[in-house]
Structures are given as C-alpha cells and as structure tokens.
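The residues making up each chain are set out below.
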Amino acid sequence: MSSQRYVFICVLISIIIQLSSGQVPCSLEEDPIQLAECAQLDVQAIIQAAKGNLKLFCNLAERYMECFKTKTRNCIGGSIAEGGFTELQNLAQWCCVNPGSPEPDECPLSRNPKCFSGDDFVSMANGEKKLLRELRPGDRVLVMNSQKQVEEDEVIMILDSQPNRPALFYSIETETGHRVSLTGNHFIAVNHNNHFVPANQIKTHDMVFIHSQGKLQSVSVRNVSEQYKVGYFTPMTSQGTLIVNDMAASCYASVVSHSLAHQVLAPLRWWYRFAKLFAVEQPFEYTPAGGIHWLPQAMLQITEKYLPSVLVKDSL
C-alpha cells in the first residue's frame, strides 16, 4: 500500500470517529484530501530533517505550516495535524536561520556524533536484556573481542545521552530476523577482513555477526531501511564493542575507522582502570540527559581543530 493511500485511509477513519463525537468537519473539498496533502508535506519535511538537509526541510516545514493554518486548522483534520505542526514549528524555530548564518547549537539536527537507538536492547552479562537508554556506567554487558568471540565487559561511560533529540537511523535486518538501528556513520562489525563498516554503507547480502548460544555467527543482511527516531545514546566499553539486539556493533561513530576511534579514546579506558584500582565507584559522572560528556566533547574539539581529517563530517 502506498504511503499516500495509507495517509488517506487513516484520515478517513479519524474523520468517522470524530464525527461520531459531534465534531464538524471542513467541506469535503478541503477535508480529507487537503489534509492528506498537508500530511505528506509533514512526512517529507521530517525525513529531510533527519537526513540533515536543513534547506529543504525549512522549505517543506514552511509549506506544511501554511497548509495547516489555511486549510485544516478549523477542521477535524486540524486536531490530527496539530502534533506534526507543533513538532515542525519547534524544529524550524531552532534550525531555520537566515541564509549564510551558522546553524545554532540549539538545533537538535546538528551533525554531532550519534550512535544507537535508545529503544534497542543490550545483552547483559547475566543473560538478561536491558533497554539501551537504561544502560549505566558499571553495567556488565556482552561484547565482541578482537578474536570475534563473546566475552563479558563493563560499560566505562556514556559518551553521549540524548533522549529527546531526533536522528536518522539505518535499520539493519538479517536473514535470521535480527534487527538493529544505528545512525549512518556508526560502525557495525562485518565478516570481511576484520572490518567495521558504517551503517549507511551496509548492503543486502553483507555478512554481520549475531550472538547465538554463547557464540557469534555470521549471517546475511536481508534489508536496510531508514527510520526517523527520537533518542540516541553512546555507551563505551573496554573492548569498544557492544551486542545490541543480539548483533555485534562498534561503540563508535563519525570517525574514519573503528580502530582509530578505539586508540584515540584509550586515555579514558586507562583512567577508568586506574580509578577502579582505588575503589572509585563511578570514575565518570553520568547524567541521563546530560548530552555529550565533557571529556569526549573536549577531545572532539581538539581533534576538530588539530586533526580534522580523522573525523567524518557527515555524521548521518
């Protein structure tokens, strides 16, 4: 079923429900056809926003808000479209600036390092599953080591915690039905020359690793799709890997290679081990909605200034 037809059917159902409650619709020529057209602008704008195409997003957002105000605000459709209107209005206020002006820091679409979707599950060392958004420093988890074996490890710190920021995720699904969501330049382990490949470069029939019965098995990718989600998190382990939704992935994104990122962040691992020797319970402070931790943020700023070639500019 096409997205246009789906939107149209949803609109019709909503109109029937709201008519039964006594609400008055617009004239038929304005509702639901105009509402469906407005909804399409909303969907297109959100997709472009997630992809980081701010210029096209701002154009579509302006068209959608005008459509909403003039054709559906006082209709039954208005109550349906209002959520999208509010979201786009907020994003536009944060991100749509005058031509030539830099993107403001408040814009939640800014291209900073992203990572895992918060609603995926992490394999814990005790055999349980835990929502990634609920992961904390010190948690014992399962990871993939350099020999492609499963072992227990500890979450050293949460490099970034953004429960309310949107991002475009690449949903990688295997022939076995496993699925994980990663932002575009986040690395995932592939069975090819010991490589980690960015999620936006994964293709069907590529081989990735899933955790099954205590071992990692190589399986084929069946499909890769794009999804707009809100909330992303960046946990870091000693091995620099994590098993999420039973699939082995890197902890790193937005650099030219997984191994380079692991080397650059080595001082954080050294300090963590040193602090643990002296019984420091939490070597790195953690705030659930604290954004990028100040230490990796400082390291990122130094890298951007003195060694920008190791960073991937387009973090989608």
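Residues numbered from 1 in each chain as written. Predicted model: local features only at pLDDT ≥ 70, side-chain atom pairs only at ≥ 80, totals over all residues. Heavy atoms only, no water.

**Overview of the overall build of the protein**
When helices and strands are counted, the protein shows seven helices and 13 strands. Residues classed as buried in the protein amount to 49% of the 316 residues present. Within the protein, residue pairs in contact and separated by at least 24 positions form 63% of the contacts whose partners lie at least 6 positions apart. For the protein, the computed accessible surface area is about 15,900 Å², with 53% contributed by carbon and sulfur atoms. (Helix = DSSP H or I, 4+ residues; strand = E, 2+ residues; numbered from the N terminus. Buried < 20%, exposed > 50% of the residue type's maximum accessible area, 1.4 Å probe, protein only. Contact = heavy atoms within 4.5 Å. Areas by Shrake-Rupley, 256 points an atom, 1.4 Å probe, with all protein chains shown as cover.)

**A short note on the side chain of serine 220**
In this structure, serine 220 sits in strand S10 (residues 215–237). Taking the relative accessible area as the measure of exposure, serine 220 reaches 17% and is therefore buried.

**Brief notes about helix H6 (residues 266–277)**
Because an α-helix packs 3.6 residues into every turn, residues spaced three or four apart end up facing the same way. Between its first and last C-alpha atoms H6 spans 17 Å; for twelve residues at 1.5 Å apiece the expected length is 16 Å, and the two agree. For H6, the full list of buried residues reads Ala266, Leu268, Arg269, Tyr272 and Ala275. In this structure, the buried side of H6 is in contact with strand S5 (150–174), S10, strand S12 (247–253), helix H5 (258–264) and helix H7 (294–306). Following H6 by one or two positions, alanine 279 adopts a phi angle in the positive range, close to 60 degrees. (Expected span 1.5 Å × (residues − 1).)

**Concerning the pattern of salt bridges**
All told, the structure shown has eight salt bridges when counted by the stated rule. For lysine 129, the salt bridge identified is with aspartate 246, shortest N-O distance 2.6 Å. Here lysine 129, found in strand S3 (residues 129–131), pairs with aspartate 246, found in the loop between strand S11 (241–244) and S12; they are 117 residues apart in sequence, far enough to count as distant. On the basis of relative accessible area, aspartate 246 is assigned to the buried category, the value being 18%. (Salt bridge = Lys/Arg side-chain N within 4 Å of Asp/Glu carboxyl O.)

**Description of the nonpolar core**
Formed by 54 residues in total, the largest nonpolar core has its most connected members in Phe116, Val122, Val141, Ile172, Ile188, Met236 and Leu242. Examining the composition of this core, we find that eight residues originate from one element, S5, more than from any other. Every residue in contact with isoleucine 188, bar those within four places of it in the chain, is listed here: Ile172, Val180, Leu182, His195, Phe196, Val197, Ile202, Val208, Met247, Ala248, Ala249 and Ser250. (Core = buried A, V, L, I, M, F, W, Y, C linked by side-chain atoms within 4.5 Å.)

**What about a nonpolar patch on the surface?**
A contiguous nonpolar surface patch, about 570 Å² in accessible area, is contributed by Trp271, Phe274, Leu277, Phe278 and Val280. Within the secondary structure, phenylalanine 274 sits in helix H6. Here phenylalanine 274 falls in the partly exposed class, since its relative accessible area comes to 43%. (Patch = residues over 30% accessible without salt bridge, like charges linked within 9 Å, V, L, I, M, F, W, Y side chains within 5 Å.)

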